Amino acid sequence: MPGPEDDAVVVRGLVRSYGPLRAVDGLDLVARRGEITAVLGPNGAGKTTTVECCEGLRRPDAGTVRVLGEDPHLASPAHRARVGVMLQDGGLPTGARAAGLVQHVARMHATPVPPAQLCADLGIDGFARTTVRRLSGGQRQRVALACALVGRPDVLFLDEPSAGLDPQARQAVWSVLADVRARGAAVVLTTHYMEEAERLADVVVVVDRGRVVGHGSPAELTAGTSAEQARFTARPALDLATLRRALDPSVVVLEPHPGQYVLQGPIGPQVLATLTSWCVAQGVMPDGLTVGRRSLEDVFLELTGRELR
Ligand SMILES: Nc1ncnc2c1ncn2[C@@H]1O[C@H](COP(=O)(O)OP(=O)(O)OP(=O)(O)O)[C@@H](O)[C@H]1O
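These figures come from a predicted structure and were not determined experimentally.

Asker: Go over the site of the ligand with me, naming the residues and quoting the values.
Answerer: Within the structure, the ligand sits among Y18, L21, A23, G41, N43, G44, A45, G46, K47, T48 and T49. Of all the secondary-structure elements, those providing two or more residues to the shell around the ligand are β2 (21-32) and α1 (47-55). Sort the elements by how many residues they give to the shell around the ligand and α1 lands first, with three residues. Broken down by class, the residue content of the shell around the ligand amounts to four nonpolar, six polar and one charged.

Asker: Got a sec to walk through the nonpolar core? Specific residues and values, please.
Answerer: If you look at the biggest cluster of nonpolar residues, it comprises 69 residues, and the most contacted ones within it are V9, V102, V143, A146, V187 and V188. In terms of residue count, helix α5 (residues 137-149) provides more of this core than any other element does, seven residues in total. Each residue touching A146, except ones within four places of it in the same chain, is listed here: V102, L118, C119, L122 and I124. Grouped together as the second largest cluster of nonpolar side chains are nine residues, L243, V251, V271 and W278 included.

Asker: Which residues make up the environment of G164, and what values do they have?
Answerer: For G164, the location among the structural elements is in the loop between β6 (155-159) and α6 (167-182). On a C-alpha basis, the gap between G164 and G138 in space is 5.6 Å, while along the polypeptide they are 26 residues apart.

Asker: A description of the packing of helix α3 (residues 98-106) against α5 should follow, citing residues and the corresponding values.
Answerer: Across the interface, α3 lies against α5 with an axial gap of 9 Å and an inter-helix angle of 15°. When the interaxial angle is binned, α3 and α5 end up roughly parallel. In this structure, α3 meets α5 at a crossing whose hand is right-handed. Facing A98, L101, V102 and V105 of α3, the residues of α5 in contact are V143, A146 and C147. Of the residues assigned to the contact of α3 with α5, the class counts are seven nonpolar, no polar and no charged.

Asker: I'd like a rundown of the packing of α5 against α6, residues and numbers included.
Answerer: Interaxial distance between α5 and α6 falls to 11 Å at its minimum, and their mutual angle equals 10°. It follows from the interaxial angle that α5 and α6 lie roughly parallel. Contact residues: G138, R142, L145 and L149 in α5; A169, V173, V176 and V180 in α6. Partitioning the contact of α5 with α6 into residue classes produces six nonpolar, one polar and one charged.

Asker: Explain the sheet that holds strand β4 (residues 62-67) residue by residue, including any values.
Answerer: Strand order across the open sheet formed by three strands is β2-β1-β4, with antiparallel pairing between neighbours. Edge positions in the open sheet fall to β2 and β4, since each of these has one partner strand only. On average, adjacent strands in this sheet sit at an angle of 15° to one another, irrespective of strand direction. As paired strands, strand β1 (residues 7-18) and β2 are joined by nine bridges and run antiparallel to one another. Its bridge partner lying in β2, R16 is registered against V24. Contacts between α1 and the sheet are confined to β1, β2 and β4, with β1 contributing the most and set at about 120° to the helix.

Rules used in this analysis
- Residues numbered from 1 in each chain as written.
- Predicted model: local features only at pLDDT ≥ 70, side-chain atom pairs only at ≥ 80, totals over all residues.
- Near = placed C-beta within 6 Å.
- Helix = DSSP H or I, 4+ residues; strand = E, 2+ residues; numbered from the N terminus.
- Nonpolar A, V, L, I, M, F, W, Y, C, P; charged D, E, K, R; others polar.
- Core = buried A, V, L, I, M, F, W, Y, C linked by C-beta atoms within 7 Å.
- Buried ≥ 20, exposed ≤ 12 C-beta atoms within 10 Å, placed from the backbone.
- Contact = placed C-beta atoms within 7 Å.
- Axes fitted to C-alpha atoms, helices over the stretch in contact; angles between N-to-C directions.
- Parallel < 35°, antiparallel > 145°, perpendicular 65-115°, else oblique.
- Left-handed = near helix turned anticlockwise from the far one by under 90°.
- Pairing = 2+ DSSP bridges.

As structure tokens, then:
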């Protein structure tokens, strides 16, 4: 069982405003060693501000932040060397060459990961001698990640590490982060990719309007008695009243978007038999019929609402 000694990052009652805007409004978060903690939230929810307070880049207005037991704003250079940071915009010097930059950062640390190994793992070798200003966005992301990782940090903060990466690069990043977790580091990352959180995170923290609105492992967040659902697509505006009458009332039938149908509730073989018989009567094929739990994206939208920000 993890204990308090495993808590690498502890945030309590964090408040941070920009003028009249309370960007972070009483946020609590704990990230443990040997775990990946994913912070999810709509645009402007306060994720970056929270991570920047943890990195010591912003001072909280109220609340406490402890990283490896210290206030990151007052931390010593020795403490800072144990913390890896990857900022959202990379923040890399544009005149440096990709591999040279990773080697340069490595020289600042006592026991770095061999830069050549990191460059191979993250596919930097292909553009090793290109200057940062000539790299694509995804290539810069990988160099920024390598710089954050090369010092073998005990805590790693990554703001949208796989934004803009192609599928191959994303898989490589996930694999490297899984290795970092396996050696016992605490990883805190923000992401808009539900798949990334679902596949990689041990703990998901959903933030909205500067507060935590959901917390747990991906399995915990997507579980629950009403978790099962069947989905399919067919022509819009089918006669759902007859389907509802044929099904047990505990099954809710919805057409959330034209032609997209969802059944929520206890979905067993009998429900599927009733559904497919009804489809025969309607003369439609239930395209893409799937049965399963709610996805993390469903839970995210339930917790944070569907309106655009
Ligand atoms: N330097 C700043 N000055 C003024 N307002 C800011 C500043 N930085 C962030 N904000 C505002 O604070 C709120 C939270 O921003 P933050 O960047 O923390 O959100 P986020 O969850 O990381 O968003 P995104 O997913 O879009 O990156 C937003 O409304 C943003 O406009």
